[in-house]
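Coordinate analysis (summary)
Residue strings, one per chain:
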Amino acid sequence: MATFEVYGGKPLKGELHPQGAKNEALQIICAALLTAEPVTIKNIPNIRDVNKLIELLQGMGVEVQRHSSSECTFTAKNVDVEYLTTNDFKVKAAAIRGSIMVVGPLLARYGRAYAPKPGGDKIGRRRLDTHFLGFQKLGATFNFDTRENFFTLEGKNMRGTYMLLDEASVTGTANILMAAVLTPGKTTIYNAACEPYLQQLSKMLVSMGAKISGIGSNLLTVEGVESLGSCTHTILPDMIEIGSFIGLAALTASDITIRNVSYPNLGIIPDSFRRMGIEFEVIGDDIHIPPQEHYEIDTFIDGSILTIADAPWPGLTPDLLSVFLVVATQAKGSVLIHQKMFESRLFFVDKLIDMGAQIILCDPHRATVIGHDRKMKLRPTVMTSPDIRAGVALLIAALSAEGKSVIHNIEQIDRGYENIDGRLNAIGANIRRTD
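A short tour of the structure in this document, coming up. (Residues numbered from 1 in each chain as written. Predicted model: local features only at pLDDT ≥ 70, side-chain atom pairs only at ≥ 80, totals over all residues. Heavy atoms only, no water.)

Per the counting criterion, the structure on display carries 21 salt bridges. Across the pair Arg112 and Glu82 runs a salt bridge, and its minimum N-O distance is 2.8 Å. Here Arg112 is found in strand β6 (residues 112-116), whereas its partner Glu82 is found in the loop between β5 (71-75) and α3 (87-94), with 30 residues between them in sequence. The class for Glu82 is partly exposed, based on a relative accessible area of 41%. For Asp319, the salt bridge goes to Arg389, with nearest N and O atoms at 3.9 Å. Placement of the pair is Asp319 in the loop between β17 (306-309) and α10 (321-328) and Arg389 in helix α12 (residues 388-400), with a sequence separation of 70 residues. (Salt bridge = Lys/Arg side-chain N within 4 Å of Asp/Glu carboxyl O. Helix = DSSP H or I, 4+ residues; strand = E, 2+ residues; numbered from the N terminus. Buried < 20%, exposed > 50% of the residue type's maximum accessible area, 1.4 Å probe, protein only.)

Listed below in structure tokens is the structure:
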């Protein structure tokens, strides 16, 4: 189990360049399975989960030509669908949640697909019902082997249809959308997720020859086509990493510029940080956060305590709530962090309490943070990263705490953040990686 030794308590200064969006990459790479033509993808994040997915596609027979660490061309001309029934596939696919995204493309192109129940962060139940209910609406059948946790799907006679999704699932919408683009007839997907990741996937599919309308809304209409062609697609910068860097700058009173953030695609994230009292300026497509010794949390108009809550897009992404929570510990004022979409993402607050933070964990979904305007600074401690997003929040906390903190299980952080220690060390951090 690898470890970070973090020597914190000093401000950072410099420029950071966000990686490509992990959540978009997992969908976009699987979309290459929809065509036998070459698909070139740029700005791929060089992180564990994405690299494991690429290896999985290679095992399926997809030819992968690496032009650089961030650019690949995928040619899915000779896909071995039978490989998906092997133990090798089951083991590798079960290790990454993004593997479920191969189902839609394979159903659409080959009429059958297989998938193990995928892994991922331990952040509560993350059901897959939306995916399979959508496939059923299109005419597919599936069987779930509870003993082996393995799905078998058949969809040789799928037809376009109307469906109302039971939840606006990002991966569910993407999977169904990829199945629908090659399914004969008209498919209407209502209550579709409309995150930038979905918009990017939709635009990529259109560039390949798909017919999709309603992009950016929660009502997608798809006219099935017989085949798709090649394309070149560039992944957006990762909004979660951008938000993490804003929080890092505020908590450590650092002077940081985040380059090329694709600001129009950040949605409510910048304004949510402003409500936390964090000042920054947008210069072109860059965000500059100046050093701030003090920042004060806003209140509601009637003076009541502010609530920061997650919601489907265009609401605030749940992946940033852990960062908002850590940032609030050194603010002036109080805030209620309400994690609505997952069950266990707030359970890392005990580690922050050990560091001296004033936090009341109300229940698995809500935590009240009482900020004392840096008068009760965080103390260094030893902790373990429970998942990707909490891991980065703990890293930010450790960088603000004067002295040596130790973070175990940093493999979790590596799953979502590319060379995070190297990039932060380049602007003045002191993070040492040990095995």
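Moving on, we come to the side chain of Asp49. Along the chain, Asp49 turns up in helix α2 (residues 48-59). Within the structure, Asp49 has its side chain in polar contact with the side chain of Lys22 (distance 3.2 Å). Sequence-distant contacts of Asp49, defined by excluding residues within four places in its chain, comprise Lys22, Leu26, Ile96, Ile388 and Arg415. (Polar contact = N/O pair within 3.5 Å; in protein donor to acceptor, adjacent residues only side chain to side chain. Contact = heavy atoms within 4.5 Å.)

Here we take up unusual backbone geometry. For the bond from Trp313 to Pro314, the omega torsion is 15°, close enough to zero to count as cis. Backbone geometry places Ala253, a non-glycine residue, at a positive phi of 50°. With respect to the element layout, Ala253 can be found in the loop between α8 (239-251) and β14 (255-258). For Asn409, which is not a glycine, the phi torsion comes out positive at approximately 60°. Inspection of the secondary structure puts Asn409 in the loop between β22 (403-408) and α13 (411-414). We classify Asn409 as buried; its relative accessible area is 19%.

Our next topic: the packing of aromatic side chains. The tally for this structure, following the rule as stated, stands at eight aromatic pairs. An angle of 75° between the planes, with centres 6.0 Å apart, marks the rings of Phe132 and Phe135 as edge-to-face. Of this pair, Phe132 and Phe135 are both found in helix α5 (residues 129-137), three residues apart, which corresponds to roughly one turn of the helix. As far as burial versus exposure is concerned, Phe132 and Phe135 are alike and both buried. Judged by centre distance (4.4 Å) and plane angle (25°), the rings of Phe144 and Phe151 are stacked. An aromatic cluster is defined as three or more aromatic residues linked by ring pairs; in this entry it consists of Phe132, Phe135, Phe142, Phe144 and Phe151. (Phe/Tyr/Trp six-rings, centres within 6.5 Å; stacked < 30°, edge-to-face > 60°.)

This brings us to α2. Over its 12 residues, α2 extends 16 Å from the first C-alpha to the last, a length consistent with the 16 Å expected when each residue adds 1.5 Å. On the buried face of α2, the contacting elements are α1 (22-31), β4 (63-68), β5, α3 and α12. Just downstream of α2, Gly61 is the residue with a positive phi angle, here 105°. (Expected span 1.5 Å × (residues − 1).)

Before going further, it helps to examine the sheet that holds strand β9 (residues 162-164). Strand order in this open sheet of four strands is β9-β10-β12-β11, and the pairing throughout is mixed. Bordering the open sheet on either side are β9 and β11 (211-213), each of which pairs with just one other strand. Pairwise comparison of adjacent strand axes, ignoring direction, gives a mean angle of 15° for this sheet. Sheet topology note: the β11/strand β12 (residues 219-223) ladder contains three bridges and is antiparallel. Residue pairing in the sheet places Ile212 in a bridge with Val222 of β12. (Pairing = 2+ DSSP bridges. Axes fitted to C-alpha atoms, helices over the stretch in contact; angles between N-to-C directions.)

Right, let's get into the side chain of Ser322. With respect to the element layout, Ser322 can be found in helix α10. Excluding anything up to four places from it in sequence, Ser322 contacts Phe348, Arg389, Ala390 and Ala393.

What follows covers the sheet that holds strand β19 (residues 359-363). Judged by pairing direction, the sheet is mixed, and its four strands sit side by side in the order β17-β18-β20-β19 without closing on themselves. Each end of this open sheet is capped by a strand with a single partner; those strands are β17 and β19. Sheet twist, expressed as the average angle between the axes of neighbouring strands with direction ignored, equals 20°. For β17 and strand β18 (residues 332-338), the ladder comprises four bridges, and the chain directions are parallel. Note that in β18 the partner of Leu306 across the bridge is Val335. Against the sheet, α10 engages β17, β18, β19 and β20 (366-372), with an angle of about 155° to β18.

Let us now look at the pairing of strand β3 (residues 38-42). It is a general feature of regular strands that their side chains alternate between the two faces of the sheet. As judged from the four bridges shared by β3 and β5, these two strands associate in the antiparallel manner. Following the sheet pairing, Thr40 is matched in β5 by Thr73. Both β3 and strand β13 (residues 231-234) contribute to a ladder of four bridges, which runs parallel. Across the sheet, the residue bridging to Ile41 is His233, located in β13.

Worth remembering: the numbers are spatial, not functional.
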